[in-house]
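Results of the structural survey
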Amino acid sequence: MLLLAIESSCDETAVAILSGEPGEPAQILASEIASQIELHRVYGGVVPELASRNHSLHLRPLVEQALKNANVSLKEIDCFAATSGPGLASSLLIGATAAKALALASSKPFIAVNHLEGHLLSPYVAAGNVPPHVALIVSGGHTLLLDVEKPGSYRRLGSTRDDAAGEAFDKVGKMLGLPYPGGPEIEKTAKSGNPEAFSFPRSMLKDRSFDFSFSGLKTAVLYTLTDRNPDYGTPRSSDLPDLCASFQQAVIDVLIAKTLRAAKHAGRDTIALSGGVSLNQALRDSFAQACKKEGLTLLTADSGLCTDNAAMIAFAALLHHFEGRQSPLDADIDPNLALAP
Ligand code: KG4
Ligand code: ZN
């Protein structure tokens, strides 16, 4: 079974080809990504019009490259898939339309995939099967806690009420004058900082819900900056490592406390961590330590599967295909597509 998937929900154009059989580890034959990070960096964030124009430019060469790297021809592909939401409408349209056109021209099925389901299942690509677990998705656009019974059966436990975790990293990075995206820059700078130097709020930690809030933390960093330096915009460089480490620790503490509590609440002994922020090594190490203490199993995605990629979309589509699901060719994209009620 060979499946080709396209991901174009935001600023990465990606194409992957997976081979797989039910219950077996999926094999990634090709996973190509044309990153637009450099293009958007000068604007300090993603510019939707630029993103969609670049998806159009990169998609065809990327499909050709993926076929070449996988050493398969278009005719051999059994199924085509694409992200249908959530994301930027003009970006989603490019990938979804291309995948539908390929399916139509090849008389093969098309499967529309929820981007968040791709992230959610990404820690299981190598295993092939997905046990019941609690999933934490931490990306630039989402912070979502879910109880996963099996693929396709998801119950939302909590989500962010304002900024996503990655968004908070990016916005604080911008405040501190670090390049976009802020997440990896903050992690790098935090390495030489003291996480206890500044006492930033752990919002909603005591709240009984499994929801998150990061905008208060972001504001607390801003107030600290303006207090210490009225000429805001140029944080004192000597403060940078401590500010980054203290901010990062506040995010980590809340994510871990809520996720562990959610696992206990749902009666699950496995936690799966996914999304771009899960690349953060301090987060991974702290999660691993906390899970070990509580006797929980922790699964994380391979580093190439954490930020946006098409292999995770292909894996989700593969599982849908094994269940006999496919999408009509007139299935529309949905920028606000939800994963679970
Ligand atoms: O999953 P992703 O590629 O995009 C969305 O679907 O949103 O995640 C991108 C996010 C960005 O906010 C980026 O700053 C964050 O992941 N990120 C990190 C790290 N690497 C990427 N955040 C913290 N530490 C990192 N090492
Ligand atoms: Zn994503």
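All values derive from a computational prediction rather than experimental measurement.

This paragraph deals with the overall build of the protein chain. Check the secondary structure of the protein chain and you find 10 helices and 10 strands. Taking 2.2 N^0.38 as the reference for a compact globule, 341 residues should give roughly 20 Å; the C-alpha atoms of the protein chain span a radius of gyration of 20 Å, in line with that estimate. With the C-alpha coordinates aligned to their principal axes, the bounding extent of the protein chain is approximately 65 × 45 × 30 Å. Here the protein chain holds 341 residues, and the buried ones make up 55% of them. Considering only contacts within the protein chain whose residues lie at least 6 apart along the sequence, 73% involve residues at least 24 apart. Placing the 29 positive and 37 negative side-chain charges of the protein chain at their respective mean positions leaves the two points 4 Å apart.

Time to look at the domain arrangement of the protein chain. Assigned domains of the protein chain: these are domain 1 (2-126 + 305-322) and domain 2 (133-301). The gap between the C-alpha centroids of domain 1 and domain 2 is 27 Å. Contacts between domain 1 and domain 2 engage 20 residues on the former and 27 residues on the latter. For the pair domain 1 and domain 2, the two sides together bury roughly 1,800 Å², of which 73% comes from carbon and sulfur. Taken together, the connections running from domain 1 to domain 2 amount to zero salt bridges. Put simply, domain 1 and domain 2 have five residue pairs in polar contact (both at pLDDT 80 or more) between them. Sorting the residues of the side of domain 1 that touches domain 2 by element identifies helix 1 (37-41) and helix 4 (115-121) as the ones contributing at least two each. The dominant element in the side of domain 1 that touches domain 2, judged by the number of residues it contributes, is helix 4, at five residues.

Bringing the site of ligand 1 into the picture now. Not every one of the 20 residues close to ligand 1 is listed here, only the nearest: G140, G141, D170, E187 and D308. Between ligand 1 and H115, the relevant distance is 3.2 Å, taken from an oxygen atom to a side-chain nitrogen or oxygen of the residue. One nitrogen or oxygen atom from the main chain of G276 is found 3.0 Å from an oxygen atom belonging to ligand 1. When ligand 1 sits alone it has 560 Å² of accessible area, and the protein chains cover 89% of it. Listed by contribution, the elements that provide at least two residues to the shell around ligand 1 are helix 4, helix 5 (165-175) and helix 6 (182-190). When its residues are assigned to classes, the shell around ligand 1 shows six nonpolar, 11 polar and three charged. No fewer than three residues from each of domain 1 (2-126 + 305-322) and domain 2 (133-301) sit in the shell around ligand 1.

This brings us to the coordination of the zinc ion (ligand 2). Four donors placed tetrahedrally about a metal ideally form angles of 109.5 degrees, and six donors placed octahedrally ideally form angles of 90 or 180 degrees. Those donors, H115 (NE2), H119 (NE2) and D308 (OD), are the protein atoms that reach the zinc ion (ligand 2), and they lie 2.0 to 2.1 Å from it. Here the zinc ion (ligand 2) is ringed by four donor atoms whose angles at the metal span 97 to 133°, and the overall shape comes out tetrahedral. Sequence spacing among the residues donating to the zinc ion (ligand 2) works out to H-x3-H-x188-D. Pair noted here: H115 is in helix 4 and D308 is in the loop between strand 10 (297-300) and helix 10 (311-322), with a separation of 193 residues, a long-range link.

About the criteria used
- Numbering of residues starts from 1 in every chain and runs along the sequence as written.
- Written order decides the labels, with chains lettered from A and ligands numbered from 1.
- Reporting of local features is limited, given that this is a predicted model, to residues whose pLDDT is at least 70; pairs of side-chain atoms are given and counted only at 80 or more, and all residues count toward the totals for whole chains, interfaces and linings.
- Side-chain measures were taken over the full set of non-hydrogen atoms in the model, leaving aside hydrogen atoms and water.
- A run of H or I in DSSP counts as a helix once it spans at least four residues, and a run of E counts as a strand once it spans at least two, with each numbered from the N terminus.
- Atoms counted for the radius of gyration: C-alpha only. Globule rule: 2.2 Å times the number of residues to the power 0.38.
- Buried residues are those whose accessible area, probed at 1.4 Å on protein chains only, stays under 20% of the maximum for their type, while exposed residues exceed 50% and partly exposed ones sit between those limits.
- Residue contacts are defined here by distance: any two heavy atoms, one from each residue, within 4.5 Å place the two residues in contact.
- Under this rule, positive means Lys or Arg and negative means Asp or Glu; His and the chain ends count for nothing.
- Just so you know, the charge point we use is NZ for Lys, CZ for Arg, CG for Asp and CD for Glu.
- All domain edges in this entry derive from an automatic or database-based domain assignment.
- Here's the idea: put two parts together, see how much 1.4 Å probe accessible area each one loses, and the total over both is what we call buried area.
- Salt bridges are defined by distance alone: a side-chain nitrogen of Lys or Arg within 4 Å of a carboxyl oxygen of Asp or Glu.
- Residues adjacent in sequence count toward polar contacts only when both atoms are side-chain atoms; beyond that, a polar contact is any pair of N or O atoms within 3.5 Å, and within protein one must be able to donate a hydrogen and the other to accept it.
- Any residue with at least one heavy atom within 4 Å of a molecule or strand is counted as near it.
- Computed with the Shrake-Rupley method and a 1.4 Å probe, the accessible areas treat only the protein chains shown as cover for residues.
- Lys, Arg, Asp and Glu make up the charged group, whereas Ala, Val, Leu, Ile, Met, Phe, Trp, Tyr, Cys and Pro make up the nonpolar group; the residues left over, Gly among them, are polar.
- Water is not among the atoms examined, so metal sites may look incomplete; donors are the N, O and S atoms within 2.8 Å of the metal, or within 3.2 Å for Na, K and Ca.
- Geometry is assigned from donor-metal-donor angles: four donors are tetrahedral when every angle falls between 85 and 135 degrees, four are square planar and six octahedral when opposite donors sit over 155 degrees apart with all other angles between 65 and 115, and any other arrangement is irregular.

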